[in-house]
Amino acid sequence: MSKITALLNVLKQPERLKALLSYNEKGYLHTIGWFKAFDSKAPVDGNNNPIPWVTYSFIDFIKDRLRPEHAVFEFGSGNSTIFYAQRTGIVVSVEHDKEWFDKISATKPENAEMIFCELQRDGDYCRMPVKLGEEFDIIIVDGRDRVNCCIQAVEALSSTGVIVLDDSERPDYRDAITYLTDKGFKQIPFSGISPGLFYYKSTTVFYKADNCLGI
């Protein structure tokens, strides 16, 4: 269906059009700051605070479970780096885009560490948390080479650690899900929409019985 046809269909249903127009000033999309994220092309909440570019259902789940004693590793960086740094003890992010790395590094919180690494499939990028020789409570896979990142992440988890895979609904990442479940991880997918975007996506948490999020 073309955009013009879709618009004409909406105009033929004035009540539906009225409802759509009202969402800008009230209702769920207004409350969660979806329009602010759409306008700014950046993930922010209703008060313009930085949030990750993941599903809202996952944000609702994770935000009150994060603790100052948690150590977080991110594949990918951005507003999520600020969000996690505000709620945990330390955030380490690996970034493959030099321009973006420089931008985020210039404004990162004091308890956030940025690492630049050129992207090579199944190379140093996906192995970065292991190469650091540290254990992390939460590893966020929201960058490139995600299947290999998930595989390597298992080796860098603390005994109660969890892995979070964004866009887990994509067929390209099925091998990562299979690998993690074969390793004994259970999964909870959080599906819906994300800041400023309106297509269906999922953010999945992989965990074991004794985990740092109290699942």
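Residues numbered from 1 in each chain as written. Predicted model: local features only at pLDDT ≥ 70, side-chain atom pairs only at ≥ 80, totals over all residues. Heavy atoms only, no water.

- An unreviewed UniProt entry annotates the protein chain as FkbM family methyltransferase originating from Mucilaginibacter galii.

1. Observations concerning the layout of surface pockets
- The space that makes up the largest pocket amounts to roughly 700 Å³.
- Around the largest pocket sit 35 residues that line it, and Trp53, Ser77, Gly78, Trp100 and Asp142 are the ones nearest its centre.
- Taken together, the elements giving at least two residues each to the lining of the largest pocket come down to strand E1 (71-75), helix H6 (79-85), strand E2 (90-95), helix H7 (98-107) and strand E7 (197-207).
- Counting residues per element, the lining of the largest pocket draws most heavily on H7, which supplies four residues. (1 Å grid on protein atoms, 1.4 Å probe; cavity = no way out; pocket = protein on both sides within 12 Å on 5 of 7 lines; lining within 4 Å. Points joined across faces, edges and corners; volume = space filled by probe spheres on them. Helix = DSSP H or I, 4+ residues; strand = E, 2+ residues; numbered from the N terminus.)

2. A few points about the sheet that holds strand E6 (residues 186-194)
- The strand order E3-E2-E1-E4-E5-E7-E6 describes an open sheet built from seven strands, whose pairing is mixed. A strand with exactly one partner marks an edge of an open sheet, and here the two such strands are strand E3 (112-116) and E6. For this sheet, the mean inter-axis angle between neighbouring strands, taken without regard to orientation, is 15 degrees.
- Direction of pairing for E1 relative to E2: parallel, over a ladder of five bridges. The partner of Ala71 across the bridge, within E2, is Ile90.
- Those strands touched by H7 are E2 and E3, and its axis lies near 160 degrees from that of E3.
- Here helix H9 (residues 146-153) sits on the sheet and contacts E1, strand E4 (136-141) and strand E5 (157-166); the angle it forms with E5, its principal contact strand, is near 170 degrees. (Pairing = 2+ DSSP bridges. Axes fitted to C-alpha atoms, helices over the stretch in contact; angles between N-to-C directions. Contact = heavy atoms within 4.5 Å.)

3. What to know about the side chain of Glu95
- Checked against the element boundaries, Glu95 lands in strand E2.
- Among buried charged residues, Glu95 stands out as having no salt bridge; its nearest opposite-charge side chain is Arg144, 7.3 Å away.
- Contact partners of Glu95, with chain neighbours within four places excluded, come to Gly76, Ser77, Trp100, Phe101, Met114, Ile115, Phe116, Cys117 and Tyr125. (Buried < 20%, exposed > 50% of the residue type's maximum accessible area, 1.4 Å probe, protein only. Lys, Arg positive; Asp, Glu negative; His and termini not counted. Salt bridge = Lys/Arg side-chain N within 4 Å of Asp/Glu carboxyl O.)

4. Some remarks on the pattern of salt bridges
- With the rule as written, the count across this model stands at nine salt bridges.
- Linking Lys63 and Asp60 is a salt bridge whose minimum nitrogen-to-oxygen distance equals 3.7 Å.
- You can call Lys63 partly exposed: its relative accessible area is 34%.
- With a relative accessible area of 46%, Asp60 lands in the partly exposed category.

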